[in-house]
There are 2 protein chains.
Amino acid sequence: MERAYSRIRKYAQRTPLLKGTFLDDLWQAEVYVKCEQFQPVGAFKIRGAANFALQLSEEDRKRGLLTHSSGNHAQAVAYMAHKMGITATVVMPTNSSNTKKEGAKKWGAEIIECEPTIEARITTVNKVRQEKGGVIIPPFDHEWIIEGQGTCAMEIIAEIPNIEVVAAPLGGGGLLSGTAVASEYFGREIDVIGCEPEKAADGYEGKRTGKRIEKYTPNTVADGLRTTVGEVPFPLIKEKVKDIWLAREEDILPWMYRVWKEMKVIIEPSSAVVLAAMDSNKEAIKGKKVALIITGGNVDIDKV
Amino acid sequence: MERAYSRIRKYAQRTPLLKGTFLDDLWQAEVYVKCEQFQPVGAFKIRGAANFALQLSEEDRKRGLLTHSSGNHAQAVAYMAHKMGITATVVMPTNSSNTKKEGAKKWGAEIIECEPTIEARITTVNKVRQEKGGVIIPPFDHEWIIEGQGTCAMEIIAEIPNIEVVAAPLGGGGLLSGTAVASEYFGREIDVIGCEPEKAADGYEGKRTGKRIEKYTPNTVADGLRTTVGEVPFPLIKEKVKDIWLAREEDILPWMYRVWKEMKVIIEPSSAVVLAAMDSNKEAIKGKKVALIITGGNVDIDKV
């Protein structure tokens, strides 16, 4: 992970950790907010995508990058292809936000739309690969991606070595498992908490039962979390994550606007899931030093 | 100003200077954005208000704080009174944004509304002082305020000592004159640029003719800049500011949304004035290291 950190430094910024003053008062804790929405693509996904793409051979690079994503990972892959001077093709579900589609187009990627199911995404990617070729950059289910995403927690710990709780949203599990690995290795007894919408609670169920849920149809306003936990992240989450907390569906958007208003930063619904879940569990973080990972800020502002 | 900086540190945060990547490409310059909207009251005004209030005698403090403001200064005075355990009364024009009114109320200040003219504001403040007493904290027309606001540029220069251009909006002139004084004293040949809406261009006219414009009715969407340049800031601006650049009125809101979207930070119309004015003068900053002071983020999000 330290090697990943040096590798991606030119592409992923070290993002600021803001003091969440209004949260301190509300939760009686010392709260910090890690602003990954300030990354070049507006989300943490650049970390994993950069770490993967930069390890490809010259030959693989020439084949071009290929991925499926509801948005932020697509933008990250498109951005990396642009920076590396190679091509990118991204399969995006029809219900992706306009901001995310435009973001991927802006960096010159070819967008191919598909039905908004995980099966359609995988089928379409495989079809594209057969027809046009390309190296698939997985959104979360690979150790290079997990290592890249873990660099976010490395930065938090470097800035606040005695941080006690680090919370991240849980979708496919790349960020959460990377956070858990980094916290175990670089931190001093950090409790890592995953946060999920109650309508995408496969990670919560999986952690509770000890078995990964493979069939689940997420149905949440948090568009970045409409996916199920991957095979590679699952055992790491099972072993190293302290707990999964759920956000009530109706709390997600109000928390998103509240952060816009109180902190003057744009966060997307997936990031608001962390705040909603923390607020429902505030007794558990009372008096603690807590860092919340704000994963992204790609939301259609003209639709709010 | 160095003494002011130590004085206010407990109240005003050192705000982050973000890299404005999309602006680099657009203007072919190296652009940094100083995020004063992350101050506790959502605007730079806390710097001047803190520097003033903390220099009051015990006796004056007991009389309570009093001010008139369209919003951000009101919030700053209310916040300082709350932190110092004293009372605050603020006169606000009826057309202040709800966010700014709520902000002042949140810190326990008494709000008195008045007609949205500078005369009504001054008459009302004087009436309140006669009836209830209180020490007036001026929004800009005092050297303690100017010193406090100048600490923002001090922070920019401490972070990027070879910064070449620093731009700030121009309303009453407290921030711009403070920026000019700090840049002269701490910087290496910095060009300080003031940015005004074309419908509140009294500073531009005053600088051009060398005489402060006293009668002017600003009429701009940038609510924080609906005021005329004060007596104390004017000569400093005349002497130390390189130029005043105008923002086209119709460019202000589009630039506000563009920054929300591209940088994931909330800025208010007054701050967007700086971006709109820079964009109209981009040839002049080509190849330079430029810092833009984002003065605040207090905007009614539910109205956008």
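Everything below is about the structure shown above.
The present account deals with the structure reproduced in this document. (Residues numbered from 1 in each chain as written. Chains lettered and ligands numbered in written order. Predicted model: local features only at pLDDT ≥ 70, side-chain atom pairs only at ≥ 80, totals over all residues. Heavy atoms only, no water.)

1. Brief notes about the overall build of chain A
Then comes step 1: Across its full length, chain A holds 13 helices and 10 strands.
Then comes step 2: Compactness check: chain A gives a C-alpha radius of gyration of 18 Å against a globular reference of 19 Å for 304 residues, within 12% of the reference.
Then comes step 3: C-alpha extents for chain A along the principal axes are approximately 55 × 40 × 40 Å.
Then comes step 4: Looking at chain A as a whole, 61% of its 304 residues qualify as buried.
Then comes step 5: Sequence-distant contacts, at least 24 apart, represent 72% of the contacts inside chain A between residues at least 6 apart.
Then comes step 6: Accessible area of chain A: about 12,000 Å², with a carbon and sulfur share of 46%.
Then comes step 7: Here chain A contributes 41 positive and 41 negative side-chain charges, whose respective centroids are spaced 3 Å apart. (Helix = DSSP H or I, 4+ residues; strand = E, 2+ residues; numbered from the N terminus. Rg over C-alpha atoms; globule rule 2.2 N^0.38 Å. Buried < 20%, exposed > 50% of the residue type's maximum accessible area, 1.4 Å probe, protein only. Contact = heavy atoms within 4.5 Å. Areas by Shrake-Rupley, 256 points an atom, 1.4 Å probe, with all protein chains shown as cover. Lys, Arg positive; Asp, Glu negative; His and termini not counted. Charge placed at Lys NZ, Arg CZ, Asp CG, Glu CD.)

2. Quick notes on the pairing of strand E10 (residues 289-294) of chain B
Residue and element names in this part refer to chain B.
Then comes step 1: The buried fraction of E10 amounts to 6 of the 6 residues, a majority that puts the element mostly inside the structure.
Then comes step 2: Residues Lys289, Ala291 and Ile293 line one face of E10 and the alternating positions Val290, Leu292 and Ile294 line the opposite face, and both faces are buried.
Then comes step 3: By the bridge criterion, 6 bridges tie strand E2 (residues 30-35) to E10 in an arrangement that is parallel. In the sheet register, Val31 faces E10, and the bridge partner there is Val290.
Then comes step 4: Pairing between strand E7 (residues 165-169) and E10: 3 bridges, direction parallel. The residue of E10 that forms the bridge with Ala167 is Leu292. (Pairing = 2+ DSSP bridges.)

3. Considering the sheet that holds strand E6 (residues 135-136) of chain A
All names here are of chain A.
Then comes step 1: The sheet built from 4 strands is open, its strands ordered E5-E4-E3-E6 with parallel pairing. Bordering the open sheet on either side are strand E5 (110-114) and E6, each of which pairs with just one other strand.
Then comes step 2: Pairing of strand E3 (residues 65-68) with strand E4 (residues 88-93), which is carried by 4 bridges, proceeds in the parallel orientation. Bridged to Leu65 within E4 is Ala88.

4. Some thoughts on the interface of chain B and chain A
Then comes step 1: Contacts between the two partners involve 21 residues from chain B and, on the opposite side, 21 residues from chain A.
Then comes step 2: Between chain B and chain A lies a buried interface of about 1,700 Å² when both sides are counted; carbon and sulfur atoms form 62% of it.
Then comes step 3: Our count for the chain B to chain A interface comes out at 4 salt bridges.
Then comes step 4: Of the charged contacts, one joins Glu262 of chain A and Lys106 of chain B as a salt bridge, the two residues approaching to 3.5 Å between their closest N and O atoms.
Then comes step 5: Where chain B touches chain A, the interface holds 9 residue pairs in polar contact (both at pLDDT 80 or more).
Then comes step 6: Listing elements by their share of the side of chain B that touches chain A, those giving two or more residues are strand E1 (17-19), helix H6 (98-106) and helix H12 (249-263) of chain B.
Then comes step 7: Here the side of chain B that touches chain A gets 4 residues from one element, more than from any other, and that element is H12 of chain B.
Then comes step 8: Its residues assigned to classes, the side of chain B that touches chain A comprises 8 nonpolar, 7 polar and 6 charged. (Buried area = accessible area lost by both parts, 1.4 Å probe. Salt bridge = Lys/Arg side-chain N within 4 Å of Asp/Glu carboxyl O. Polar contact = N/O pair within 3.5 Å; in protein donor to acceptor, adjacent residues only side chain to side chain. Nonpolar A, V, L, I, M, F, W, Y, C, P; charged D, E, K, R; others polar.)

5. Things to note about the packing of aromatic side chains
Residue and element names in this part refer to chain B.
Then comes step 1: Here the structure, examined in full by the defined rule, presents 12 aromatic pairs over all chains.
Then comes step 2: Taking 6.5 Å as the distance between ring centres and 35° as the angle between the ring planes, the aromatic pair formed by Phe22 and Trp255 counts as tilted. Highlighted residues: Phe22 in helix H2 (residues 21-27) and Trp255 in helix H12, separated in sequence by 233 residues. One exposure class covers both Phe22 and Trp255, and it is buried. (Phe/Tyr/Trp six-rings, centres within 6.5 Å; stacked < 30°, edge-to-face > 60°.)

6. Considerations on the pattern of salt bridges
Then comes step 1: Evaluation of the coordinates by the stated rule reveals 41 salt bridges over all chains.
Then comes step 2: A salt bridge links Asp251 of chain A to Arg248 of chain A; the shortest N-O distance between them is 3.1 Å.
Then comes step 3: Here Lys240 of chain B and Glu184 of chain B are joined by a salt bridge, their closest N and O atoms 3.0 Å apart. Remark: Glu184 of chain B occurs in helix H9 (residues 174-186) and Lys240 of chain B occurs in helix H11 (residues 233-240); sequence separation between them is 56 residues.
Then comes step 4: Note on Glu184 of chain B: relative accessible area 51%, which makes it exposed.
Then comes step 5: Here the residues in one salt-bridge network are Lys34, Glu36, Arg47 and Glu155 of chain A, joined through shared partners.

7. Quick look at the packing of helix H3 (residues 46-53) of chain A against helix H8 (residues 143-159) of chain A
Between two packed helices, the angle of one axis relative to the other and the distance separating the axes together describe the packing.
Residue and element names in this part refer to chain A.
Then comes step 1: Between H3 and H8, whose axes approach to 7 Å, the crossing angle comes to 135°. Here H3 lies oblique to H8, going by the angle between them. Viewed along their axes, H3 and H8 form a crossing whose handedness is right-handed. Listed contacts from H8 to Arg47, Gly48, Ala49, Asn51 and Phe52 of H3 are Trp144, Ile145, Glu147, Gly148, Gln149, Thr151, Cys152 and Glu155.
Then comes step 2: Taken together, the residues of the contact of H3 with H8 break down into 5 nonpolar, 5 polar and 3 charged. (Axes fitted to C-alpha atoms, helices over the stretch in contact; angles between N-to-C directions. Parallel < 35°, antiparallel > 145°, perpendicular 65-115°, else oblique. Left-handed = near helix turned anticlockwise from the far one by under 90°.)

8. Notes on the environment of Arg7 of chain B
All names here are of chain B.
Then comes step 1: Relative to the helices and strands, Arg7 resides in helix H1 (residues 2-8).
Then comes step 2: Since its relative accessible area comes to 26%, Arg7 is described here as partly exposed.
Then comes step 3: Separated by 40 residues in the primary sequence, Arg7 and Arg47 place their C-alpha atoms 9.7 Å from one another.
Then comes step 4: Not counting the four nearest positions on each side in its chain, Arg7 is found in contact with Asn51, Leu54 and Gln55.

9. Quick look at the pairing of E5 of chain A
All names here are of chain A.
Then comes step 1: Examined bridge by bridge, E4 and E5 share 5 bridges and lie parallel to one another. From the neighbouring strand, Pro93 faces E5, where its bridge partner is Cys114.
Then comes step 2: Taken together, E4, helix H6 (residues 98-106) and E5 form a β-α-β motif whose crossover is right-handed. (Right-handed = clockwise from strand over helix to strand, strands pointing away.)

10. A look at the environment of Phe52 of chain A
Residue and element names in this part refer to chain A.
Then comes step 1: Mapped onto the secondary structure, Phe52 falls in helix H3.
Then comes step 2: Taking the C-alpha atoms as reference, Phe52 lies 19 Å from Gly171; in sequence the two are 119 residues apart.
Then comes step 3: When residues no more than four places from it in sequence are discounted, the contact partners of Phe52 are Ile136, Ile137, Pro138, His142, Trp144 and Ile145.

11. Remarks on H6 of chain B
All names here are of chain B.
Then comes step 1: Those residues of H6 lying buried are Thr99, Lys100, Lys101, Gly103 and Ala104.
Then comes step 2: Residues of H6 that are buried make contact with helix H5 (72-84), strand E4 (88-93) and strand E5 (110-114).
Then comes step 3: Following H6 by one or two positions, Gly108 adopts a phi angle in the positive range, close to 85°.

12. A short note on the side chain of Asn298 of chain B
Then comes step 1: Relative to the elements of secondary structure, Asn298 of chain B occurs in the segment after E10.
Then comes step 2: For Asn298 of chain B, a relative accessible area of 3% corresponds to the buried category.
Then comes step 3: In this structure the side chain of Asn298 of chain B is engaged in a polar contact, spanning 2.6 Å, whose partner is the side chain of Asn72 of chain B.
Then comes step 4: Ignoring anything within four residues of it in the chain, the contact list for Asn298 of chain B reads Lys264 of chain A together with Val41, Gly42, Ala43, Asn72, Gln75, Ser97, Thr99, Lys100 and Glu268 of chain B.

13. Regarding the relation of the copies chain B and chain A
Then comes step 1: At an RMSD of 0.0 Å, chain B and chain A line up after a rotation of 180° and a shift of 0.0 Å along the axis. In short, the pair behaves as if placed about a two-fold rotation axis. It is Val265 of chain B whose C-alpha, among those of chain B, lies nearest the rotation axis, at 2.2 Å. (Least-squares fit on C-alpha atoms with pLDDT ≥ 70 in both.)

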